[in-house]
Structures are given as structure tokens and as C-alpha cells.
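Next come the chains, spelled out residue by residue.
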Amino acid sequence: MKISTITIPGSPSSLFATVRSVGAFNVACSFAALWAFVKVLKTLRWRLKTTQLRGPPRSSLVYGVSNDLLPSKDRAALYEHWAKEYGVAYMIPGVLGQPIIILCDPKAIAHFYARETWTYVRTPLELKVMEVSIGRGLLWADGESHRRQRKALTPAFSNAAIRRLTSVFYDSAYKVKGAWDTTLESSKDGNAVIEVQNWMNHISLDTIGIAGFSHDFGSLDGKHASVTEAFDTFVNDAKASAVNEAIILLARAFPIIANIPSKRKNMSKKLGATMGEISKHLLIRSRREKDANVKETEEEKSIIGLLIKAGDEDAELHLSEEEIVAQMRVLLLAGYETTSISLTWALIELSQHPDIQTRLREELIMFGADPTYDQLKANLPYLDAVVHEVLRLHPPISEFIRLAVADDVIPLSEPVRTVSGEMTDSICVAKGTLISLSAGAINRSFAIWGPDAKEFKPDRWLAEGGISGKAKEVQGHRHLLTFVDGPRTCLGKDFALAEFKAVLSVLVKNFVFEMRDGPDTKVERVRAFLFRPRIVGEDGTGVPLRVRRYE
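Residues numbered from 1 in each chain as written. Predicted model: local features only at pLDDT ≥ 70, side-chain atom pairs only at ≥ 80, totals over all residues. Heavy atoms only, no water.

### Examining the side chain of Ser505
Operational definition: Segments assigned H or I by DSSP are reported as helices when at least four residues long, segments assigned E as strands when at least two residues long, and all are numbered from the N terminus. The buried label applies to any residue whose accessible area, calculated with a 1.4 Å probe on protein chains only, is under 20% of its type's maximum; exposed applies above 50%, and partly exposed to all values in between.
Position of Ser505 relative to the elements: it lies in helix α21 (residues 493-510). Among the residues examined, Ser505 registers a relative accessible area of 3% and is labelled buried.

Okay, here's the thing in C-alpha cells:
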């Protein structure tokens, strides 16, 4: 009997010769078969180790239920509808049938957030997108890197640090007051239509510039700021947005697709480059000032000072040059986008609810002088209630998705029915599982917040029993997920709240706001860099309100 032998190549050249003899096509087929085999094994392991939950059927073979979510004006309502039908935890089919577990249960969400950055991390697609726009900073990092970066920045957001910055918030607010007074003086009937969202953007940018980096962008004084131009390119374009969303969805299954050129990707690159240039310029200037012993004692307590200190080679919590610039880009993004969105929503809600606006103004006038930081926190209960009701109904970032990098068991506060019909009070999650939750759905859930969950009702924060028992189980700040929870709790939460309250107090005390076309004017959420409010029928992200002085 003739026995055939296989010669094992002993050098790269002999290996190449072997590959040529076998044929490139056969080698490619072998690798494809191996990849498919590994994929099947992973899928089998996932199915064996993950609780199979019920959920909505796919409406598209390729996109799963994304065709339902993408065109929806209120995705949070869809998530809540599915929770009512399938329970507080369910599965939705994602791109190419990839399952995503949706959590709508306070106990499960608390467990999830407690393990974020370690067991649950950002997806490869998220990391790729974030790296382009804001770099490898605090929002990008996970695990030990996240802990180190957060600890280095924490002193800049202490009560003492924010207390010193409160005057900056008021300075920005009074600049707007002065500009609006001038506009109203020139009007015939004492009122004017003002596009408020643009002004809130300028307040937020100038404030973070001065408070964070000792730099005045001057946008409230009419100066051109390249960063505002970069952000303003993210205007809503329905057709382009649909294409971009389709690319993003497919990229969840195949991250390499994110490299395909698109309008939004180009805008993200431009934004990242612009913020990077600004950050490097401010960093170089601040280092020169430090070397010249200018404002040395102040800088060690400021955001830019702490970043410079962390850049020293012998620093206990050393940050690389790339990480320092990334932190500055993150702060510019957070300072410009999130606070301005919340302030705009506040003016919309107060315009739609004149009785609430009047009551808030009465509290502020009765209080007298501009409140200090500590008074903003503790001595204006109705202002606090209005602010938190805005944050409850309109979280600037409303959806989160994470990837499990280890097996886990998530507890539930109430049992759910599995695909097999069994009831379970916990979910087994295998490594590689996608987990998602909607802050908007949780913050406005009838099951959690009661029958008036969708109403703008600040009194819920003041009345005894105004916060339902189920809502009290949500462990985020004031039972909200607006600032997230766990290791990723928003580091600038107290900074944002103080700025929000200070600016709103000045504007409401001095001006009366009305919807331009009456209290029933429709408002929608549209995609800019983040989702922003827009009056239906307006271009871009326009929010024109009728404004007059309070006399």
C-alpha cells in the first residue's frame, strides 16, 4: 500500500511554494471554513449560556427592528411599549439577526451600571467613532484606564472648585441679558422673536472655555469660533441621516464598514480635528503661563491646571499627551452640547407651561439677589424641581449600548417569561452579548413614574409621595438615568446643574417666554451631533421663541 506523506515547510519561502502548489483559492476556502467554524462555536456557546428572552419579531431580514426604531420620533416610547408586552427585560433582533438584550428594570440596570467599564464595555464601533471625534479620553476609556483618567480629573469638579466658578455662569447669562435687552429696546411692541437655541450654544461654549481653560471664545460677543462652526455642520438632513444610520447599523455587525466615507464621518473628523487644534493651542498657552509662574496657584485647581499637572512624568496619575488633549475635547463637547440642549428644552417647556414659568419667576424674584452656588443647590426648591423635570423628560443622551466581555448573571426585580415559557428572575448573559438601555424610556416610563410620567410636572419633586416607589428603585442621580450611574456617572454633573440653574434663573427672572405660534406649537427631536429640539417646520435646529422683558 502506498502511503502519501505531507512535508511541513521549514522556511517562509517553502511555505509560499506550498501555498502556490495548493492554490490560493483552496487556502482562502480553508480560512473561510475555519472562520465559519469558530463563528458557529461562539454562537452555540452564546445560546447555551444566555437566557433566551422574548421580544418583537424582526421587521427586516437585514436590519431587524431597526427599521421601526430609525424613523421613530420617539424611540423611548417604542422601548416602553415592548417592555409592557414582553417584560422588564427582552431581546430585540439587531442587524443580521444579532440579538440585543434591552433592560427596563431598575434592579437590572443598577447591576449593569455597577459593572460598567469592566464587565460591560463600549462596542468596537463606538470606540472607533469616538476616537475620531473626541479621542482616547475619559469617555473612550474602560477599566483601569478609565479609573486613572477619572481620578486625575475629579478634583476639578469638587464643590469647592465649582463654587469658585459660579460667577462665570452668571457672567455668560448677563451677556445674553444685555444682548436681548438691546434687541427688545429696538422693537416696536416690546417683544421679539429670538432663536434661543443658538444663544444657549454660545452660553455653554463661552462658559466651558473660561471655566475649564481660562479662555474666552467670545461667541456671546459675536466672535467667530471654529468649534461652533464645526458643531453647526451637524444639522439635520433627513436623506443623509438615513444613509448614515444605515451605515452605522451595518457597522455594528461589521465594524470595518465604519471606514466607508460618509457625510457624517467627514463631519466627525472635522469636528475632532477642530477641537484637537483648539485644545493643543490652549494647552501650549497654559504651559507657557505655568512656566512663567503666571496664575500658578489657580491652575493647580482648574481643569487645565490639573491636566498639565497630570502630564508630568512623575505625576501619580500620569496622563499621556494624547489623553490630555482628549480630555479637553471631551469637555468642549460636553460643555457645548449637553448643557445647551437642556437649557433649550427648559425654555420650551416653560413657554408651553406659562403657569409654571410664572411660579418659577415668583420664587426667583422673592429670593432677591443672584443665589450663590450653595443657595442654588439648597434654597430654591422650585428651580430645582423645574431643572430636574427637564432632565427627566429630555435627557441629552438617551440610549446606551454595551458589550459583555465576561459571562454574567443579571438579577431582575420582577420575573419575565423566556422563549420556552418559563419564568425567571435573573438573566444569564454570555461573553459577547450586546446590552442596551434607554434612559428616555426609563425616565418617562408609566410603569416606573406613574400615570403622569409623560407630563411636565415639577411638583412631583416637591410633593410627599410625588416620586413613586418604583421610581425610587432607580439608583441614578435623583432616580434619573440622565447622568448615568456607576463608574461612568457624569463627572461634570454638579458643574452642569449649577450652570443650568444659574443661567435659567437670570433668564426667567428678566424675561417672559412664549411659543412664537402659540402654546400648542409642535416640537420634535432631530439629529445634530446629539439629538436636539426643533420647532416643527423650522430648518436646522431652530427654536424661535417670542421674548419680552418682565416688568
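The structure having been displayed, the exposition proceeds.
### Section: the pattern of salt bridges
Threshold: The rule for a salt bridge is simple: a side-chain nitrogen of Lys or Arg has to be within 4 Å of a carboxyl oxygen of Asp or Glu.
Scanning the entire structure with this criterion turns up 33 salt bridges. Here Glu538 ties to Arg516 by a salt bridge, and the two come within 2.9 Å at their closest N and O atoms. With Glu538 in the loop between β11 (531-535) and β12 (544-549) and Arg516 in the loop between β9 (511-515) and β10 (523-527), the pair connects residues that are 22 residues apart, well separated along the chain. Taken together, the shared-partner salt bridges in this structure form one network comprising Glu116, Arg122, Glu126, Asp142, Arg402 and Arg488.

### Overview of the layout of surface pockets
For clarity, the threshold we go by: Here a cavity is any set of points on a 1 Å grid over the protein atoms alone where a 1.4 Å probe fits but cannot get out, and a pocket is any open set with protein on both sides within 12 Å along at least 5 of 7 lines; a residue lines the site when it has an atom within 4 Å of a point. Grid points are joined across faces, edges and corners, and a volume is the space filled by probe spheres set on the points. Lys, Arg, Asp and Glu make up the charged group, whereas Ala, Val, Leu, Ile, Met, Phe, Trp, Tyr, Cys and Pro make up the nonpolar group; the residues left over, Gly among them, are polar.
Here the second largest pocket is characterised by a volume of approximately 580 Å³. The set of elements that each furnish at least two residues to the lining of the second largest pocket consists of α4 (75-86), α15 (321-352) and β10. If you tally residues by element for the lining of the second largest pocket, the top one is α15, at five residues. A class-by-class count of the residues in the lining of the second largest pocket yields 11 nonpolar, six polar and 10 charged.

### Observations regarding the environment of Ile303
Put simply, the rule reads: By definition in these notes, contact holds between two residues if any of their heavy atoms fall within 4.5 Å.
Residue position: Ile303 is located in helix α14 (residues 303-310). Sequence separation between Ile303 and Gly212 is 91 residues, and the spatial gap between their C-alpha atoms is 5.2 Å. The residues contacting Ile303, other than those within four sequence positions of it, are Leu153, Ala156, Phe157, Gly212 and Leu331.

### Concerning the nonpolar core
This is how the line gets drawn: What is meant by a nonpolar core is a set of buried Ala, Val, Leu, Ile, Met, Phe, Trp, Tyr and Cys residues, joined one to another through side-chain atoms within 4.5 Å.
Leu103, Trp180 and Leu504 are the most contacted members of the largest nonpolar core, which has 147 residues in total. Here the element with the most residues in this core is α15; it accounts for 15 residues. With residues near it in sequence (within four places) discarded, Leu103 still touches Val88, Ala89, Ala108, Ile109, Phe112, Ile410, Ile427, Ile435, Ser436, Leu437 and Ile442.

### Some words on empty space enclosed by the protein
One pass over the structure, following the stated rule, counts two cavities of 30 Å³ or more. By volume, the second largest cavity is sized at about 30 Å³. Taken together, Pro106, Ile109, Ala110, Tyr113, Val474, Gln475, Gly476, Leu481 and Asp485 form the lining of the second largest cavity. Per-class residue counts for the lining of the second largest cavity are six nonpolar, two polar and one charged.

### Let's talk about the side chain of Asp206
Formally: Think of it this way: Lys and Arg go in the positive column, Asp and Glu in the negative one, and His and the chain ends go nowhere. As used in this structure description, the phrase polar contact means that two N or O atoms lie within 3.5 Å; if the pair is within protein, one of them must be able to donate a hydrogen and the other to accept it, and residues adjacent in sequence are counted only when both atoms belong to side chains.
With respect to the helices and strands, the residue Asp206 is situated in helix α9 (residues 196-213). There is no salt bridge for the buried Asp206, and the closest opposite charge comes from Lys175, which lies 5.0 Å off by N-O distance. From its side chain, Asp206 meets the backbone nitrogen of Leu220 in a polar contact 2.9 Å long. Among residues more than four places away in sequence, those in contact with Asp206 are Ser172, His215, Asp216, Phe217, Gly218, Ser219 and Leu220.

### Side note on the sheet that holds strand β5 (residues 399-404)
For the record, the criterion: A pair of strands counts as paired when DSSP detects no fewer than two bridges linking them. To obtain an axis, a line is fitted to C-alpha atoms, over the contacting stretch when the element is a helix, and the angle between two such axes runs from 0 to 180 degrees between their N-to-C directions.
The five strands are arranged β1-β2-β8-β5-β3 in an open sheet whose pairing can be described as mixed. The strands lining the two open edges of the sheet, one partner per strand, are β1 (89-93) and β3 (120-121). With five bridges joining them, β5 and strand β8 (residues 434-438) adopt antiparallel strand pairing. Looking at the pairing, Ile401 lines up with Ser436 of β8. Along the sheet, α4 contacts β1, β2 (99-103), β5 and β8; its crossing angle with β1, the most-contacted strand, is approximately 120°.

### Considering the sheet that holds strand β4 (residues 191-195)
Strands pair in a sheet through their backbones, by hydrogen bonds, and they do so in one of two ways: parallel or antiparallel. Reading across from one edge, β4-β12-β9 is the order of the three strands in this open sheet, with antiparallel pairing throughout. Two strands bound the open sheet, and with one partner strand each, they are β4 and β9. Across the sheet, the mean angle from the axis of one strand to that of its neighbour is 35°, orientation sign disregarded. Strand direction decides the pairing type here: β9 and β12, joined by five bridges, are antiparallel. Along β12, the bridge assignment pairs Val512 with Arg548. Against the sheet, α9 contacts β4 and β12, and its axis sits at roughly 65° relative to β4. Sheet strands in contact with α21 are β9 and β12, and its direction is about 90° off that of β9.

### What about a nonpolar patch on the surface?
Put simply, the test is: Two distance rules govern patches: like charges are joined within 9 Å, and nonpolar side chains (Val, Leu, Ile, Met, Phe, Trp, Tyr) within 5 Å, applied only to residues with over 30% relative accessible area and no salt bridge. Surface accessibility follows the Shrake-Rupley procedure with a 1.4 Å probe radius. Residue values consider only the protein chains on display as shielding.
A surface patch of nonpolar side chains, amounting to about 520 Å² of accessible area, comprises Leu61, Val62, Leu96, Phe254 and Ile256. Looking at the element boundaries, Leu96 is found in the loop between β1 and β2. A relative accessible area of 47% places Leu96 in the partly exposed class.

### Here's the deal with the packing of aromatic side chains
To be explicit about the condition: Any two rings among Phe, Tyr and Trp, with Trp reduced to its six-membered ring, count as a pair given centres within 6.5 Å; such a pair is stacked if its planes are under 30 degrees apart, edge-to-face if over 60, and tilted if neither. As a reminder, the over-ring test applies to NZ of lysine and CZ of arginine, requiring each to be within 6 Å of the ring centre and within 35 degrees of the ring normal.
Applying the stated criterion to the full structure yields 12 aromatic pairs. A centroid spacing of 5.1 Å and a plane angle of 40° characterise the contact between Phe112 and Tyr120, whose relative ring orientation is tilted. Just as Phe112 is buried, Tyr120 falls in that class too. Among the aromatic residues, those joined into a cluster by ring pairs are Tyr79, Trp82, Tyr86 and Tyr90. Over the ring of Trp449 we find Arg392; its NZ or CZ atom is 5.3 Å from the centre of that ring. The ring centre of Phe446 lies 3.7 Å from the NZ or CZ of Lys454, which sits over that ring.

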